[in-house]
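# An overview of the molecular structure
Letter by letter, the chains look like this.
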Amino acid sequence: MGNKQTTFTDEQLEAFQDCTFFTRKEILRLHGRYRELAPHLVPLDYTNGPDIRVPLALIVTMPELKENPFRDRIVETFSEDGEGNQSFNDFVDMFSVLCEASPRELKTIYAFKIYDYNRDNFICKEDLHQTLVKLTKGELSAEEVSLVCDKVIEEADLDGDAKLSFSDFENMISKAPDFLSNFHIRI
Amino acid sequence: KPQRKAKKTSDDEEDEDEDESPRKRGRKKKKRDSDEDEDDEDRSTKKGSKASRKKKAKDESEEESEEDNKKKKNGRNGGGKGASKKTKEEQNKDKKGKGNGKDKGKDKGKDKGGDKKKKGREAQEFVERFEGALGKGKGRKWYAYKVMMTKKLIKFKRDFENFKTACIPWERKIKEVESHFGSSVASYFIFLRWMYGLNLVLFGFMFGLVMLPEILMGLPYGSIARKTVPRAEQDTAMDFSVLFDFNGYCKYSFIFYGYYNNDRMVGVLKFRLPLSYLLVGVGIFGYSLMVVVRTMARNSNEGGEGAEEGEFTFSWKMFTSWDYLIGNPETADNKYASITTSFKESIVDEQENQKDENIHLRRFLRVLANFMILCSLGGSGFLIYYVVKRSQDFAEMDNKELSWLEKNEVEFVMSLLGLVCPPLFETIAELEDYHPRIALKWQLGRIFALFLGNLYTFLFALFDEVNAKLEKEKVIKNETIWALNEYYANYSSFHNTTDIPPPNVHPADVVRGPCWETGVGIEFVKLIVSDMQVTYLTILIGDFARAVIVRFLNYCWCWDLEAGFPSYGEFDISGNVLGLVFNQGMIWMGAFYAPGLVGLNVLRLLTSMYYQCWAVMSCNVPHERVFKASRSNNFYMGLLLLVLFLSLLPVVYTIMTLPPSFDCGPFSGQEKMYDVVMETIENDLPAFIGNIFTYATNPGLIMPAVLLMILALYYLNTTSKGYQQANLDLKRKMQMVSFIILYSCFLLYVKVELI
């Protein structure tokens, strides 16, 4: 494995490997994927650390995200501006958190952020409403949706403020058997 | 910095790629292993170590996630490639290895504050163990070899697992059914698949150990009397109607008991066919029992502990049900459908819990319903008894005078009852207004009683027939002995010798006994075939024709056929499950008398699977109230176990008490069927084993053994109850602890606020 690539400097690659769960090869591959989303926008040479952001509409066309009902929220959560325009750092960060090696605590933190639509650090009834509608593609009737949201708050809310704080969410997720295997994207 | 150095060496090595992927694989395997074994200890230590590292990260003021990533990466790199390789190696040997690897990681972290001497010693041990990994020192070649073998082993294990999973048939079909119809309908198909596997194994035993030796090494067709069609029947033996009734060539083939010869040993390998026949016949029950009990145990483990039925059902469904790995639009559609169905199931469960009831009216209605059902059960029992009595009279009459209906009256009536009564029970059960899952159980119980009554009445009828045949046989046996003596007397008086050759009679002309075992085998095969025909016809008419009519007649009909009567059919879970269970019961009963029956059943299950899957997807609609199947399938398994015992009884009874026919089957000529076992013990096995058996069958030994088993059962039961209680106590303690922590945090917060 020589130093034949010119996309990143060695220090940059080291930094990426330190901050994410990816190896050197994977980071270069990710850069290839990032570039093919917007080839005219993303330069081949990242050694100067250019400030390029790929818009949300392009990122959600990736086959890994295309079928996911929460794709918009995922991309928004991992973008610096909150609108879904991701720099390469955000891009790598997103896939690193969702990869298999990422630990449960990290995934829990980001899952909370993803499901928190209005970004007030609480998952309130409105957030649950939107999550459920996305998840069932509108197949449930309004009263069924309302019943489910009430039940979720009843089950998971420990401090009694009718919304889920991070600790409520974490307490509930920590016992879930499928969370780690389902909250996982392979890139 | 040590981590930099470790990385430099890793960069230098040529096979960097290969080594990095095993590290990942090691990590993945660690994760998979820790997810697979429900070993709470391991999981908690893993979480503990991660949590401690995370706490260190929280102390700093930088952004959380980046800090986490960095610290975690550091922690892992600090161990160096060797440590991760070590963890991967050790976990292949033993679970303890996992603990060791983690401890090593933790130790590496704690080293920074440790004793200098201790550090030096540990470093020396570490270098000695892993200098092979660095490509230097004496351990190099052996280490490289070990690494290569471990990699190969991991790859082989993973391929084997993939192969095993790929071998499971019909997985996608069942998933499709599940996503459209819910878990209860799918549970029927899963049960059907399990049955298919069981029958395949039973068929393997029967075929390999009984049928194949007889076919390959035994005498061919036509050589001896029992294997030939008698002269009187020969001109009709090939007719389709005769074959359809399993007479003619069918009756004298390896499918039935009568074909097998009673030679003690067959062929070059000296295969003891009669012994094998008896052992396989009994072994089928033993194997089935073992498999059923094992599946029940496994189901109860999965269903019971871990996931609490009610704790976070909706929350988990909402936040953890979507599989982020899905990238295929069709899979995504299926997943949406299954998630929606799953939510609907839980909503129904919830609504049932919230209903309030008028107790007295409900109780009265339930008593009334049960009374009506008892009446219909009694009625059906009486009807079968009447038909059976009639069939005994018919048996006296000449076969040719009876119409098809009269010949097959018993099977016809039984199938009809099996068709008519379950919907009747269901309509009556509407009075009771139970939760759908409980109503299903009641329905199953009632149909079970119905089928049981039918089956045992059928058996009693059969038993009468067998007794009649035994009487006939005695007569024929006396006749043949008398004829043989006559022949010898004539021959010796004619030729004046004592060395008389056996009478030269063509096998087709020999006088035959009625061979009651083959008769019983034929009855069972006819029953199974008629059962199968009725099931398939019902699906064709009841579901398919109905769906076609509703769909196409709807254009020109006054009311909406699809919404009102008759609309599309729903899949009848209880009827089908019980049909399957009783079918299996009949197989178990009949396999001893008709070895070919198991093969027939395998074919039947195979076609059933495809046919019913197609029928369900194209003609049925999901139940109006979709409910979750009970988490453990143990109810079906329990039914199966009961049926297994009930079908064991007749077979064991006949083996023990009835004498085998004198001229057909592998036990002909003996007093009792199990005599062959005694004979083998006396002749073939060394003397002391015979002694052991004599001692073992001594009642003085058996009684204490039975007592001991009862005591062991009682002890195990008590310990298991104790564990359950301990489990509950621990759960309660954990809840209390979490509550206390929450409360103290709250107090602290209040204090801080006040200050």
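Residues numbered from 1 in each chain as written. Chains lettered and ligands numbered in written order. Predicted model: local features only at pLDDT ≥ 70, side-chain atom pairs only at ≥ 80, totals over all residues. Heavy atoms only, no water.

Below, the discussion takes up the overall build of chain B. In terms of regular secondary structure, chain B is built from 24 helices and 2 strands. Buried positions account for 39% of the 755 residues belonging to chain B. Long-range pairs, those at least 24 residues apart, make up 77% of the contacts in chain B between residues at least 6 apart in sequence. For chain B, the exposed area adds up to about 43,900 Å²; of that, 62% sits on carbon and sulfur atoms. (Helix = DSSP H or I, 4+ residues; strand = E, 2+ residues; numbered from the N terminus. Buried < 20%, exposed > 50% of the residue type's maximum accessible area, 1.4 Å probe, protein only. Contact = heavy atoms within 4.5 Å. Areas by Shrake-Rupley, 256 points an atom, 1.4 Å probe, with all protein chains shown as cover.)

This part is about the confidence of the model for chain B. For chain B, per-residue confidence averages 76 on the pLDDT scale, and 79% of positions sit at 70 or higher. Both confidence scores are given for the complex: pTM 0.64, ipTM 0.91. (pLDDT = per-residue confidence, 0-100.)

Looking now at a nonpolar patch on the surface. All names here are of chain B. A grouping of M736, F739, I740, Y743, F746, L747, Y749, V750 and L754 is seen on the molecular surface, where their side chains present a nonpolar patch of about 1,000 Å² in accessible area. Along the chain, Y743 falls in helix α24 (residues 699–754). Its relative accessible area of 47% is what places Y743 among the partly exposed residues. (Patch = residues over 30% accessible without salt bridge, like charges linked within 9 Å, V, L, I, M, F, W, Y side chains within 5 Å. Salt bridge = Lys/Arg side-chain N within 4 Å of Asp/Glu carboxyl O.)

Core analysis: the largest hydrophobic core is formed by 101 residues, its most contacted members being F189, F191 and F592 of chain B. Contacts of F592 of chain B, omitting those with residues within four sequence positions, involve Y257, Y277, L278, G281, V651, I655, F667 and M673 of chain B. Y115, V145, A156 and F183 of chain A belong to the second-largest nonpolar core, a separate cluster that totals 71 residues. (Core = buried A, V, L, I, M, F, W, Y, C linked by side-chain atoms within 4.5 Å.)

Residue and element names in this part refer to chain B. Look at helix α9 (residues 183–217) against helix α19 (residues 573–590): their axes get within 10 Å of each other, and the N-to-C directions meet at 10°. Between α9 and α19, the angle falls in the class roughly parallel. Taken together, the residues of α19 that come into contact with α9 (itself represented by S184, V185, Y188, F191, L192, M195, L198, N199 and L202) are I573, N576, V577, L580, V581, Q584, I587 and W588. Within the contact of α9 with α19, the residues separate by chemical class into 13 nonpolar, 4 polar and no charged. (Axes fitted to C-alpha atoms, helices over the stretch in contact; angles between N-to-C directions. Parallel < 35°, antiparallel > 145°, perpendicular 65-115°, else oblique. Nonpolar A, V, L, I, M, F, W, Y, C, P; charged D, E, K, R; others polar.)

What follows covers the packing of aromatic side chains. Counted under the stated rule, the structure contains 50 aromatic pairs over all chains. Pairing Y34 of chain A with F91 of chain A gives two aromatic rings, centres 4.9 Å apart and planes at 50°, and the pair type is tilted. One end of the pair, Y34 of chain A, is in helix α2 (residues 24–37); the other, F91 of chain A, is in helix α6 (residues 88–97), and 57 residues separate them in sequence. This pair shows no difference in class: Y34 of chain A is buried, exactly as F91 of chain A is. Arranged with centres 5.7 Å apart and planes meeting at 50°, the rings of F312 of chain B and W316 of chain B form a pair that is tilted. Residue classification places F312 of chain B among the buried positions, given a relative accessible area of 4%. Given the relative accessible area of 12%, W316 of chain B is considered buried. Members of the aromatic cluster, connected to one another through ring pairs, are F70, F112, Y115, F166, F169, F179 and F183 of chain A together with F319 and Y324 of chain B. Its end group placed over the ring of Y117 of chain A, R73 of chain A keeps NZ or CZ at 5.6 Å from the ring centre. In this structure, K163 of chain A packs its charged tip against the face of F122 of chain A, placed 4.2 Å from the ring centre. (Phe/Tyr/Trp six-rings, centres within 6.5 Å; stacked < 30°, edge-to-face > 60°. Lys NZ or Arg CZ within 6 Å of the ring centre and 35° of its normal.)

The next subject is the interface of chain A and chain B. Interface size is commonly expressed as the accessible area that is lost once the parts come together. With 63 residues of chain A at the interface, the matching set in chain B holds 49 residues. On the chain A side of the contact with chain B, E67, L135 and E155 of chain A bury the most area, a combined 12% of that side's loss. Where chain A meets chain B, there are 2 salt bridges. In this structure, K151 of chain A engages E350 of chain B in a salt bridge whose closest nitrogen and oxygen atoms are separated by 3.4 Å. At the surface where chain A touches chain B, the tally comes to 10 residue pairs in polar contact (both at pLDDT 80 or more). Broken down by secondary-structure element, the contributors of at least two residues to the side of chain A that touches chain B are α1 (10–19), α2, α4 (63–66), α7 (104–115), α8 (125–136), α9 (142–156), α10 (166–174) and α11 (179–182) of chain A. (Buried area = accessible area lost by both parts, 1.4 Å probe. Polar contact = N/O pair within 3.5 Å; in protein donor to acceptor, adjacent residues only side chain to side chain.)

Further remarks concern the state of the cysteines. Think of a disulfide as a covalent bridge from one cysteine sulfur atom to another cysteine sulfur atom. Residues and elements named next belong to chain B. Tallied over the entire structure, the rule returns 1 disulfide over all chains. One disulfide in the model links C515 with C664; its S-S distance is 1.8 Å. Sign of the S-S torsion, about 100° for the bond between C515 and C664, identifies this disulfide as right-handed. Separated by 149 residues along the polypeptide, C515 in the loop between α17 (436–495) and α18 (516–553) and C664 in the loop between α21 (634–657) and α22 (675–683) bring together distant segments of the chain. Here C515 falls in the buried class, since its relative accessible area comes to 10%. By relative accessible area, which is 4% here, C664 ends up buried. (Disulfide = S-S within 2.5 Å.)

Here we come to α9 of chain B. Taking 1.5 Å per residue, 35 residues should reach 51 Å; α9 of chain B reaches 49 Å between its end C-alpha atoms and fits that length. Bending of α9 of chain B peaks at approximately 40° at the position of F207 of chain B. (Expected span 1.5 Å × (residues − 1). Bend = angle between axes of the 7 residues up to and from the residue.)

Moving on to the environment of V388 of chain B. Residues and elements named next belong to chain B. One can find V388 in helix α14 (residues 359–396). Judged by its relative accessible area of 5%, V388 falls in the buried class. Along the chain, V388 and A461 lie 73 residues apart, while their C-alpha atoms are 6.1 Å from each other. Leave out the neighbours within four places in its chain, and V388 touches V410, T457 and A461.

Residue and element names in this part refer to chain B. Positionally, N261 belongs in the loop between α10 (240–244) and α11 (273–304). Only 3.2 Å separates the side chain of N261 from the side chain of D263, close enough to count as a polar contact. Setting aside its immediate chain neighbours within four residues, N261 contacts E214, L219, I224, R226, K227, L273, G665 and P666.

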